[in-house]
2 protein chains.
Amino acid sequence: MQLNPNFANLSQSYLFTDIARRVAAYKEEHPNADIIRLGIGDVTRPLAKPVADALCAAGAEMADAATFMGYGPEHGYPFLREAIANYYKTKHGVTLSPDEIFVSDGAKSDCGNILELFTADNTALIPDPVYPAYVDANVMDGRRIEYVSGTRENGFLPAPPEGQKADIIYLCSPNNPTGAAYTKKQLAAWIRYAYSSGAVILFDAAYECFVSDKDVPHSVYEVEGAKECVVEICSLSKTAGFTGLRCGYTVVPKGLRPAGEDLRGMWSRRQQAKFNEVPYVVQRAAEAVFTPEGLKASFENVDYYKKNAAVIAKALDKAGVWYSGGVNSPYLWLACPGNLTSWDFFDKLLAEAGVVGTPGSGFGKNGEGYFRLTGFGDAARTEEAAQRLTAFLKKL
Amino acid sequence: MQLNPNFANLSQSYLFTDIARRVAAYKEEHPNADIIRLGIGDVTRPLAKPVADALCAAGAEMADAATFMGYGPEHGYPFLREAIANYYKTKHGVTLSPDEIFVSDGAKSDCGNILELFTADNTALIPDPVYPAYVDANVMDGRRIEYVSGTRENGFLPAPPEGQKADIIYLCSPNNPTGAAYTKKQLAAWIRYAYSSGAVILFDAAYECFVSDKDVPHSVYEVEGAKECVVEICSLSKTAGFTGLRCGYTVVPKGLRPAGEDLRGMWSRRQQAKFNEVPYVVQRAAEAVFTPEGLKASFENVDYYKKNAAVIAKALDKAGVWYSGGVNSPYLWLACPGNLTSWDFFDKLLAEAGVVGTPGSGFGKNGEGYFRLTGFGDAARTEEAAQRLTAFLKKL
């Protein structure tokens, strides 16, 4: 028997373990320190009431023989697939057929599992800095990875590397970790590049709910030609606080060309064989997100996070620190002042301001010298953190 | 870009579509026919009250900022991993460490996804008849598949094919679709075979809750040597009616030898990169299953299904029809009398008794001439179906 040898090539990430270790050490030395965490990538606001109500009502259905629900359709109940299609139509102006929408337990699973539809001989093109799961999933398959560089010069929005060959392209916009978001025009260039390379774009739209700018699309399908070469992967994690409830969806359009029109059928077979549908109670909660009341209440939470991000942005503006994100995103990706490395900045910020963030070097080579802060915390604490940040940056 | 060419080798199954089509046609011709469905592989009893209560209580937690739960640990909350370890200890007499238990969304996902830890060059050994997802997952990888035959002569419990090479062995006991269950002695032979072949056994224990016979193990780890070469995959779908709620678990022991002691670490990395944890509310419901009250109430449902299976078994005994299953299983796998094919028997049983079952030929070559009935229906309707079956078989 042969074990998959590619696993040996995975790089072990100690990013969050290291952060926890350093914070614990600091707390041991300073037991009374009042630490504020702005490193968190998780939501903190509770489920919106209409969503929680739907969850509980569905739970009650499960307790009664007359309304109990067993196995559901593998790709999601029609009520949810239709609700998502309607969201695309009314919110993004994008027409999708419900059978192009595959309900799943989240964007991370789909971003990795969809690689099974492609051979290991393809080349994956991945931006750096990057959400590490894209890289790991490709390394496990032994697939060749080429990187495109996000830099301060391109605003962490790398353009397609014309002339370079790619088969599978990962894009995440608004981006985790950099908060940068592509405009329609920039995405159109990526679509032209993918089309001419015979490539497919896997577009992670998990942060679409944070988009405010008119020229930044919520869905890649707002851009012409996208349905011919883009699979869009999205999630309710950030839109509606589903990080602990787990529901996402992947759109595989019928008109995909370079990838072959049958990609939708292949994904359907893959999910039938290796996935079980999302829990009925979660699908009912997700359906409630897409009602007018559910959207209103869920977006109040999104606005709460956006205000936090704006508060941090203001502190950085005041200090004249360069950053990407802060609009169209809960993330702020700042250039560490004074040529500090990401970890040096982490240590200093913790020691002198009692604020915890995430070193950018944990997201790839190009992340060195950068630092991620997020708007997912409590509003009052974020205000306090912003004041400390202002004082800290003044002294630096 | 190259699409995975192995998908073209998947055989399209029309089993359940064909059943639905034939039943619909019959109903159109006989609008007043009173049809009883004994083909169902899904549970029908509602969640046990302590389980439903825990689900709703967790749902309420999600609606309050003070108790809201976001991302959880990738492999399941410690409270659930410990509850499962405790179930193994007290119910099966098997000692597991909680970090050998990986919580997932169900057995089907894990049975397929775990193949990523092995190269495509390995040979998979799969019994026929078989749950089709094992085959599909291996076909998608282009892995060579060898079959071992379940037959009436071996009671649909094939013995290891001594002298034949295998790397990855699928066993499901109690079996879906045949209802047959291996004894400890029979499993010991499989473990010796796997060990000497340098193979790993993927043991699907999804139906363990139906075991009554003392010499049939609930967990493969009741058999000596199993921890050295077996990964056990289990689910709450049948134990506690979680088919629509989705929670299972995979045990990857620390002492695996032929597969390499690192298989546990590899599975952990795979799940970290490509899976999100099971919803918090579902994990709380699952935790409640393993409390004394939860187990008592859930097993009342299991007993309900077992009584149904016994009612059907009695009808078959009376008619002198050969079958496997009916004890240790919700399934009865009968030899179609009069040399009828599976589909001929289906049509006759529907036309003459108004009872729907599942043609065995849908589960592989060796299923031809066999037929699956299940105990998952309503008790009164199952009694009625058994009476009709008795009359039908007498006339046949």
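This section reports on the structure supplied with the text. (Residues numbered from 1 in each chain as written. Chains lettered and ligands numbered in written order. Predicted model: local features only at pLDDT ≥ 70, side-chain atom pairs only at ≥ 80, totals over all residues. Heavy atoms only, no water.)

**Comments concerning the overall build of chain A**
Move 1: Looking only at helices and strands, chain A features twelve helices and 13 strands.
Move 2: Radius of gyration (C-alpha) of chain A: 21 Å, near the 21 Å computed for a compact globule of 396 residues.
Move 3: C-alpha extents for chain A along the principal axes are approximately 60 × 55 × 50 Å.
Move 4: Out of the 396 residues belonging to chain A, those deemed buried represent 63%.
Move 5: In chain A, once contacts between residues fewer than 6 apart in sequence are set aside, the share between residues at least 24 apart is 74%.
Move 6: Accessible area of chain A: about 14300 Å², with a carbon and sulfur share of 51%. (Helix = DSSP H or I, 4+ residues; strand = E, 2+ residues; numbered from the N terminus. Rg over C-alpha atoms; globule rule 2.2 N^0.38 Å. Buried < 20%, exposed > 50% of the residue type's maximum accessible area, 1.4 Å probe, protein only. Contact = heavy atoms within 4.5 Å. Areas by Shrake-Rupley, 256 points an atom, 1.4 Å probe, with all protein chains shown as cover.)

**Some remarks on the environment of Arg264(A)**
Residue and element names in this part refer to chain A.
Move 1: By the element assignment, Arg-264 lies in helix α8 (residues 263-274).
Move 2: Considering only alpha carbons, one finds Arg-264 and Pro-253, eleven residues apart in sequence, at a separation of 6.8 Å.
Move 3: Of the polar contacts made by the side chain of Arg-264, one reaches the backbone oxygen of Asp-99; its length is 2.8 Å. (Polar contact = N/O pair within 3.5 Å; in protein donor to acceptor, adjacent residues only side chain to side chain.)

**Overview of α8(A)**
Residues three or four positions apart in an α-helix share a direction because the helix packs 3.6 residues into each turn.
Move 1: With twelve residues, α8(A) should reach 16 Å at 1.5 Å per residue; the first-to-last C-alpha distance of 16 Å fits that figure.
Move 2: Listed as buried for α8(A) are Leu263(A), Met266(A), Trp267(A), Ser268(A), Arg269(A), Arg270(A), Gln271(A), Ala273(A) and Lys274(A). (Expected span 1.5 Å × (residues − 1).)

**Side note on the relation of the copies chain B and chain A**
Move 1: Structural alignment of chain B on chain A gives an RMSD of 0.0 Å, achieved by rotating through 180 degrees and translating 0.0 Å along the axis. What the superposition gives is, in effect, a two-fold axis relating one chain to the other. No C-alpha of chain B approaches the rotation axis more nearly than that of Cys56(B), which lies at 2.7 Å.
Move 2: A shared binding surface is used by both copies, with 99% of the interface residues of chain B retained as interface residues in chain A. (Least-squares fit on C-alpha atoms with pLDDT ≥ 70 in both.)

**Digging into the nonpolar core**
Soluble, globular proteins show a tendency: their nonpolar side chains are buried together.
Move 1: Counting 225 residues, the largest nonpolar core has Phe242(A) and Phe242(B) as its most contacted members.
Move 2: The element best represented in this core is helix α10 (residues 292-319) of chain A, accounting for eleven residues.
Move 3: Residues within four places of Phe242(B) in sequence aside, it is in contact with Leu47(B), Val51(B), Leu236(B), Ser237(B), Cys247(B), Val282(B), Ala285(B), Ala286(B) and Val289(B).
Move 4: Core analysis: the next-biggest nonpolar cluster, separate from the first, contains 64 residues, Ala137(A), Ile145(A), Cys172(A) and Val130(B) among them. (Core = buried A, V, L, I, M, F, W, Y, C linked by side-chain atoms within 4.5 Å.)

**Some thoughts on the pairing of strand β10 (residues 331-335) of chain B**
Residue and element names in this part refer to chain B.
Move 1: Across the five residues of β10, five count as buried, placing the element largely inside the fold.
Move 2: Across three bridges, the pairing between strand β9 (residues 323-325) and β10 is antiparallel. Looking across to β10, one finds that Tyr-323 is bridged to Leu-334.
Move 3: Here β9 folds back onto β10 in antiparallel fashion, the turn holding five residues, of which Gly-326 has a positive phi close to 85 degrees.
Move 4: Relative to strand β13 (residues 370-374), β10 is paired through five bridges, and the arrangement is antiparallel. Opposite Leu-332, over in β13, you have Leu-373 as the bridge partner. (Pairing = 2+ DSSP bridges.)

**Some details on the state of the cysteines**
Move 1: Tallying each qualifying case throughout the model produces zero disulfides over all chains.
Move 2: Cysteine Cys56(B) remains unbridged, with the sulfur of Cys56(A) as its closest cysteine sulfur at 5.5 Å.
Move 3: Taking the relative accessible area as the measure of exposure, Cys56(B) reaches 26% and is therefore partly exposed.
Move 4: In this structure Cys111(B) is a free cysteine whose sulfur lies 8.0 Å from that of Cys172(B), the closest cysteine sulfur available. (Disulfide = S-S within 2.5 Å.)

**What to know about unusual backbone geometry**
Move 1: Cis geometry is found at the peptide bond from Asn176(A) to Pro177(A), where omega equals 15 degrees.
Move 2: Among the secondary structure elements, Pro177(A) is positioned in the loop between β5 (168-172) and α6 (184-197).
Move 3: For the bond from Ser173(B) to Pro174(B), the omega torsion is -10 degrees, close enough to zero to count as cis.
Move 4: At Arg246(A), a residue that is not glycine, the phi angle is positive and equals roughly 70 degrees.
Move 5: Counting through the fold element by element, Arg246(A) comes out in the loop between β7 (230-235) and β8 (248-251).
Move 6: Of the residues examined, Arg246(A) reaches a relative accessible area of 3% and is grouped as buried.
Move 7: The phi angle at Asn328(B) is positive, at roughly 60 degrees, despite the residue not being glycine.

**A word on the packing of aromatic side chains**
All names here are of chain A.
Move 1: Under the defined criterion, the tally for this structure stands at 49 aromatic pairs over all chains.
Move 2: Note on Tyr-87 and Tyr-88: the rings are 6.5 Å apart at their centroids and 90 degrees apart in plane angle, and the pair reads as edge-to-face. Taken as a pair, Tyr-87 and Tyr-88 share a single burial class, namely buried.
Move 3: Every member of this aromatic cluster is reached through a ring pair, and the members are Tyr-207, Phe-210, Tyr-304, Tyr-305, Tyr-331 and Phe-376.
Move 4: Over the ring of Phe-79 we find Arg-284; its NZ or CZ atom is 3.7 Å from the centre of that ring. (Phe/Tyr/Trp six-rings, centres within 6.5 Å; stacked < 30°, edge-to-face > 60°. Lys NZ or Arg CZ within 6 Å of the ring centre and 35° of its normal.)

**Observations regarding the pattern of salt bridges**
Move 1: On inspection of all chains with the given rule, the structure shows 38 salt bridges over all chains.
Move 2: Its salt-bridge partner being Glu116(B), residue Lys274(B) comes within 2.9 Å of it at the nearest N-O pair. Of this pair, Lys274(B) sits in helix α8 (residues 263-274) while Glu116(B) sits in the loop between α4 (107-113) and β3 (123-128); the two residues are 158 residues apart in sequence, bridging distant segments of the chain.
Move 3: Judged by relative accessible area, Lys274(B) falls into the buried class, the value being 2%.
Move 4: Here the residues in one salt-bridge network are Asp34(A), Arg381(A), Glu384(A) and Arg388(A), joined through shared partners. (Salt bridge = Lys/Arg side-chain N within 4 Å of Asp/Glu carboxyl O.)

**Quick notes on the packing of α10(A) against helix α12 (residues 379-395) of chain A**
Residue and element names in this part refer to chain A.
Move 1: Orientation of α10 relative to α12, taken along the N-to-C sense of each, is 10 degrees, at an axis distance of 9 Å. Between α10 and α12, the crossing angle belongs to the class labelled roughly parallel. Contacts between α10 and α12 involve Tyr-304, Asn-308, Val-311, Ile-312, Ala-315, Leu-316, Lys-318 and Ala-319 from the first element and Ala-379, Thr-382, Glu-383, Ala-386, Leu-389, Thr-390 and Leu-393 from the second.
Move 2: Here the contact of α10 with α12 is composed, by residue class, of ten nonpolar, three polar and two charged. (Axes fitted to C-alpha atoms, helices over the stretch in contact; angles between N-to-C directions. Parallel < 35°, antiparallel > 145°, perpendicular 65-115°, else oblique. Nonpolar A, V, L, I, M, F, W, Y, C, P; charged D, E, K, R; others polar.)

**Thoughts on the interface of chain B and chain A**
Move 1: Every contact between the two is made by 77 residues of chain B and, on the other side, 76 residues of chain A.
Move 2: Together, the buried faces of chain B and chain A total about 5900 Å²; carbon and sulfur atoms form 58% of this surface.
Move 3: In terms of surface lost to chain A, no three residues of chain B exceed Met1(B), Arg269(B) and Lys274(B), which account for 14% of the buried area on that side.
Move 4: For Asp136(B), the salt bridge identified is with Arg269(A), shortest N-O distance 3.3 Å.
Move 5: At the junction of chain B and chain A, the tally comes to 35 residue pairs in polar contact (both at pLDDT 80 or more). (Buried area = accessible area lost by both parts, 1.4 Å probe.)

**A short note on the sheet that holds β10(B)**
The strands making up a sheet are joined through hydrogen bonds of the backbone, oriented either antiparallel or parallel.
All names here are of chain B.
Move 1: One open sheet accounts for four strands, arranged β9-β10-β13-β12; its pairing is antiparallel. Each edge of the open sheet carries a strand with a single partner, namely β9 and β12 (358-359).
Move 2: On top of the sheet, helix α11 (residues 342-353) reaches β10, β12 and β13; it is set at about 50 degrees to β13, its chief contact.

**Details of the environment of Val130(A)**
Residues and elements named next belong to chain A.
Move 1: Along the chain, Val-130 turns up in the loop between β3 (123-128) and α5 (132-141).
Move 2: Taking the C-alpha atoms as reference, Val-130 lies 21 Å from Phe-118; in sequence the two are twelve residues apart.
Move 3: When near neighbours in sequence (up to four residues on either side) are disregarded, Val-130 contacts Val-135, Asn-176, Pro-177 and Phe-363.

Interpretation note: all reported values are geometric properties and have no functional meaning in isolation.
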